[in-house]
Amino acid sequence: MRHDPARFAPMANAIRALSMDAVEAAESGHPGMPMGMADAATVLWSEYLRFDASAPHWPDRDRFVLSAGHGSMLIYSLLHLTGFAQPTMDDIQNFRQVGSRCAGHPENFLIEGVEATTGPLGQGLAMAVGMALAERHLNAIYGDALVDHRTWVIAGDGCLMEGINHEAIGLAGHLKLGRMNVLWDDNRITIDGSTDLSTSEDVRARYLATGWHVVSCNGHDADDVRRALDEALADPRPSLIACRTVIGKGAPNKAGTSKVHGAALGADEVAAAREMLGWDTLAFEIPERILADWRAAGTRGQEAHAQWRDRLQASGQAHEFTARMKGELPEVSQWADWADYKAQVAEAKPEMASRKASEAALGVLTQSLSQMVGGSADLTGSNNTKTPSTTPLMADDYAGRYIYYGIREFGMGAAMNGMALHGGIIPFGGTFLIFSDYCRPAVRLSALQQARVIYVFTHDSIGLGEDGPTHQPVEHLQSLRMVPDLLVMRPADTLETAECWELALKESARPSVLALSRQNLPALRFDASENLCARGAYRLRAAQADRRVILIATGSEVSLACAVAEVLEGQGIGADVVSMPCAELFDEQLAAYRNELLPEVLPSEILRVSIEAGTTFGWERYTLLDGLRIGLDRFGSSGKGEDLFEKFGFTPEAIVPQITARLGQ
């Protein structure tokens, strides 16, 4: 097949036909990219990509990421033609329709052969950096016998224009991830028209400057594509393969224009394209001979897969390796020294910043769980994410477990997504909470992809002090809580911090955020027998006098709530203190528990009060509209943290009068 043009061209045209037909049926989609990259993709998938269509979870398969996810019919066509169980032809015929696995953009949780959810341009390539990094790390641990594969990407002009591309390729070049290869669909067209309208940069020079190998080819000449791929494989650096293509190739009137980028071709143009390509079957029909050639490509890796299985069984590491790649962890009771650590914390009652408490917890966890690979976006000493067990992961030592991401928050988030999706690694990485804005699109994709990624966001309020409002988060906690399937945890003391880490690690199918303080926090909990943070919220202190108030607080404000409760009790006003480290987990509790903690009564009977050093927006969900919300609905200021808390009213002296006024006392 490698040197048989008579077979190669019809295989590529099968991609073009399915892409045209599906987009036409949906009256929506992007046919241009799949049609333009059909030739290069056929070479890659039929001759270079190592996979077994009957075993989409083979751990040592090559990873393929369609970063240009708008061209989703390319990956859907390839998966179907090579014999993956999904998508079926029925799925393809219902492209972009409700209930079809063939969503508008590829989604990893709908189709097993889709390695990553892509569509937000640039993130696919950046996640592939994480996959390539995971491969090298696991190779350093298990050797070539078990881990020895490549990461392939198809990316478009948009992927290379996005800012994250700068971060991602810089990291890949620095770490010399030579088993990563990016095929650039160099068609020089965007939605607006020619790329000349918006860019004049030398992309090849930019990649060369970051330590990449660059090679160009005619993306429609199979032999030239093979030459470029062979050259990339022979070079030790990550490679950019610039495939000069014509967008929508095969469409006689619209090819090479933006008209074919993001809209159906139209019935007349589809008919003309079929005639030009010599494709005379009905829509969604693939001739048997062409399908047989594609199915042969899908079985090409079966022998390599069988040999790998034999090596795995002979390795003596089969159980450990398999469990690790599946993301399985031992029971918490088997985490070395973990129970003892929590018991010691409860007894010692340390006063420390929750970022330091996180560091202490990580010291125990990373020693026990070798799957954990940490890092920071140039804030290691502030985020406290490095431990004695996590030595630097560098180009000359991929066995390390700590990644210095540099000032690349977005690139860090995307790389962690890629590592989590690859399997075998539980990534965690740190930056300031204020800079979650820089990596928010990656956080969102963590949640959408159901990826176990742990974000360590420190310096979580005005309590960070002198750096001022540019660095003091106000809206960030609530904005992150709005992301579906993301756990946002803000622990109040050292024990809660340990419990939150435990919860984050146990969440195998959703990401977590740990929002941590710069300033010291007093110990509030002295019993480690149950992980109370697992309930999302719990009663830390019960009212002594008749209960008139429920104080709901998070993080550093829980100790403030305790102080407020003490003053209220002194005035004969009973006050519960509820610590709410994770609102999402609380919302998942049974109604009986939620109602016991926050009973549905009139505010005149029990006043609910929230206290958090951030926006009050959203807290009415728990205080009710007639409750009292203590927060910060403006930007902060520069000064010492304790002075800022006083300035903005986070003291018992400022809060108690507001409560008593509401109670009419």
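Residues numbered from 1 in each chain as written. Predicted model: local features only at pLDDT ≥ 70, side-chain atom pairs only at ≥ 80, totals over all residues. Heavy atoms only, no water.

Colleague: I'd like a rundown of the overall build of the chain, residues and numbers included.
Modeller: In terms of regular secondary structure, the chain is built from 26 helices and 20 strands. For 665 residues, the compact-globule estimate of 2.2 N^0.38 gives 26 Å, and the chain sits close to it at 28 Å. The C-alpha extent of the chain, read off along each of the three principal axes, is 90 × 55 × 45 Å. Burial analysis of the chain (665 residues in total) assigns 61% to the buried set. Considering only residue pairs separated by 6 or more positions, the chain has 77% of its internal contacts joining residues 24 or more positions apart. (Helix = DSSP H or I, 4+ residues; strand = E, 2+ residues; numbered from the N terminus. Rg over C-alpha atoms; globule rule 2.2 N^0.38 Å. Buried < 20%, exposed > 50% of the residue type's maximum accessible area, 1.4 Å probe, protein only. Contact = heavy atoms within 4.5 Å.)

Colleague: Explain the sheet that holds strand β12 (residues 454-458) residue by residue, including any values.
Modeller: One open sheet holds the six strands; their spatial order is β10-β9-β11-β12-β14-β13, and the pairing between them is parallel. Either end of the sheet is taken by a strand with one partner, and the two such strands are β10 (402-404) and β13 (487-489). Taken over all neighbouring pairs, the strand axes of this sheet differ in orientation by 20° on average, direction set aside. By the bridge criterion, five bridges tie β12 to strand β14 (residues 512-516) in an arrangement that is parallel. From the neighbouring strand, Thr458 faces β14, where its bridge partner is Leu516. Along the sheet, helix α18 (residues 436-448) makes contact with β11 (426-432) and β12, crossing β12 at roughly 155°. (Pairing = 2+ DSSP bridges. Axes fitted to C-alpha atoms, helices over the stretch in contact; angles between N-to-C directions.)

Colleague: Hey, could you go over the sheet that holds strand β7 (residues 239-244) for me, with residue numbers and the actual values?
Modeller: Pairing within the open sheet is parallel, and its five strands lie in the order β1-β2-β3-β7-β6. Either end of the sheet is taken by a strand with one partner, and the two such strands are β1 (63-66) and β6 (213-218). The average undirected angle you get between the axes of adjacent strands in this sheet is 20°. Against the sheet, helix α9 (residues 222-234) contacts β2 (151-156), β3 (180-186), β6 and β7, and its axis sits at roughly 170° relative to β6.

Colleague: How would you summarise the pairing of strand β19 (residues 607-611) if you had to cite specific residues and measurements?
Modeller: For a regular strand, the rule is simple: side chains alternate between the two faces of the sheet. Most of β19 sits out of view: five of its five residues are buried. With burial as the criterion, each face of β19 is covered, one bearing Leu607, Val609 and Ile611 and the other bearing Arg608 and Ser610. Note that strand β17 (residues 547-553) and β19 share five bridges and pair parallel. The partner of Leu551 across the bridge, within β19, is Val609. Two elements, β19 and strand β20 (residues 628-630), share three bridges in a ladder whose sense is parallel. Paired with Val609 across the bridge in β20 is Leu628.

Colleague: Account for the pattern of salt bridges, with residues named and values stated.
Modeller: A complete count under the given rule lists 33 salt bridges for this structure. The shortest N-O distance in the salt bridge between Asp235 and Arg237 comes to 2.9 Å. Classification of Asp235 by relative accessible area gives buried; the value is 15%. Asp576 serves as the salt-bridge partner of Arg539, at 2.9 Å between the closest nitrogen and oxygen. Taken together, the residues span a long stretch of sequence, with Arg539 in strand β16 (residues 538-541) and Asp576 in strand β18 (residues 574-579) at a distance of 37 residues. On the basis of relative accessible area, Arg539 is assigned to the partly exposed category, the value being 26%. (Salt bridge = Lys/Arg side-chain N within 4 Å of Asp/Glu carboxyl O.)

Colleague: Lay out the pairing of β18 with the relevant residues and their values.
Modeller: Burial of β18 is extensive: six of the six residues sit out of reach of the surface. Summarising the sheet, β16 and β18 pair through three bridges and their orientation is antiparallel. When the bridges of β18 are listed, Arg541 appears paired with Val577. Since β17 and β18 lie parallel, the crossover through helix α21 (residues 557-570) that links them has a hand, and here it is right-handed. (Right-handed = clockwise from strand over helix to strand, strands pointing away.)

Colleague: Residues and numbers for unusual backbone geometry, please.
Modeller: Across the junction of Gln86 and Pro87, the peptide omega takes the value 0°, indicating a cis bond. Looking at the secondary structure, you find Pro87 in the loop between α3 (72-82) and α4 (89-93). A positive phi is found at Glu27, a non-glycine position, where the angle reads about 55°. In this structure, Glu27 sits in the loop between α1 (5-26) and α2 (32-48). Look at Glu27 and you get exposed, because its relative accessible area is 69%. One non-glycine residue, Asp378, lies in the positive phi region at around 65°. Here Asp378 is to be found in the loop between β9 (372-376) and α16 (380-383).

Colleague: Provide a residue-level description of helix α15 (residues 354-368), including the pertinent values.
Modeller: With 15 residues, α15 extends 21 Å between its outermost C-alpha atoms, agreeing within 8% with the 21 Å of an ideal straight helix rising 1.5 Å per residue. Along α15, the largest kink reaches about 25° and is centred on Leu362. (Expected span 1.5 Å × (residues − 1). Bend = angle between axes of the 7 residues up to and from the residue.)

Colleague: A description of the packing of α15 against helix α20 (residues 494-506) should follow, citing residues and the corresponding values.
Modeller: Close contact between α15 and α20 brings their axes to 9 Å; oriented N to C, the two are set at 50°. Taken together, the axes of α15 and α20 are oblique relative to one another. α20 is crossed by α15, and the crossing has right-handed handedness. Across from Ser354, Ala357, Ser358, Ala361, Leu362 and Leu365 in α15, the residues of α20 making contact are Thr494, Thr497, Ala498, Trp501 and Leu505. Partitioning the contact of α15 with α20 into residue classes produces seven nonpolar, four polar and no charged. (Parallel < 35°, antiparallel > 145°, perpendicular 65-115°, else oblique. Left-handed = near helix turned anticlockwise from the far one by under 90°. Nonpolar A, V, L, I, M, F, W, Y, C, P; charged D, E, K, R; others polar.)

Colleague: Give a description of helix α10 (residues 267-277) that names residues and reports values.
Modeller: Those residues of α10 not exposed but buried are Glu269, Val270, Ala273, Arg274 and Leu277. Along the axis of α10, the buried positions cluster into a sector of 140°, meaning they face one direction only. α10 presents Ala267, Asp268, Glu275 and Met276 as exposed residues on the side facing more than 90 degrees away from its buried surface. Buried residues in α10 make contact with α1. (Arc of directions from axis to C-beta.)

Colleague: Hey, could you go over the side chain of Arg150 for me, with residue numbers and the actual values?
Modeller: Looking at the element boundaries, Arg150 is found in the loop between α5 (123-142) and β2. No salt bridge is formed by the buried Arg150. Its closest oppositely charged neighbour is Asp62, at 5.9 Å. For Arg150, the residues in contact, after removing those within four places along its chain, are Asp62, Arg63, Gly178, Arg179, Asn181 and Leu233. (Lys, Arg positive; Asp, Glu negative; His and termini not counted.)

Colleague: I'd like a rundown of empty space enclosed by the protein, residues and numbers included.
Modeller: Which parts of space are left empty comes out when a probe the size of a water molecule is rolled across the atoms. What the rule picks out here adds up to two cavities of 30 Å³ or more. Looking at the largest cavity, its volume works out to about 120 Å³. For the largest cavity, the lining is made up of 13 residues, of which Phe51, Arg61, Asp62, Phe84 and Glu115 are closest to its centre. Classifying every residue of the lining of the largest cavity by side-chain character gives eight nonpolar, one polar and four charged. Reported here for the second largest cavity is a volume of approximately 50 Å³. Around the second largest cavity, the lining residues are Phe64, Val65, Leu66, Ile75, Pro106, Gly113, Val114, Glu115, Ala116 and Thr118. A breakdown of the residues in the lining of the second largest cavity according to their chemical character gives seven nonpolar, two polar and one charged. (1 Å grid on protein atoms, 1.4 Å probe; cavity = no way out; pocket = protein on both sides within 12 Å on 5 of 7 lines; lining within 4 Å. Points joined across faces, edges and corners; volume = space filled by probe spheres on them.)

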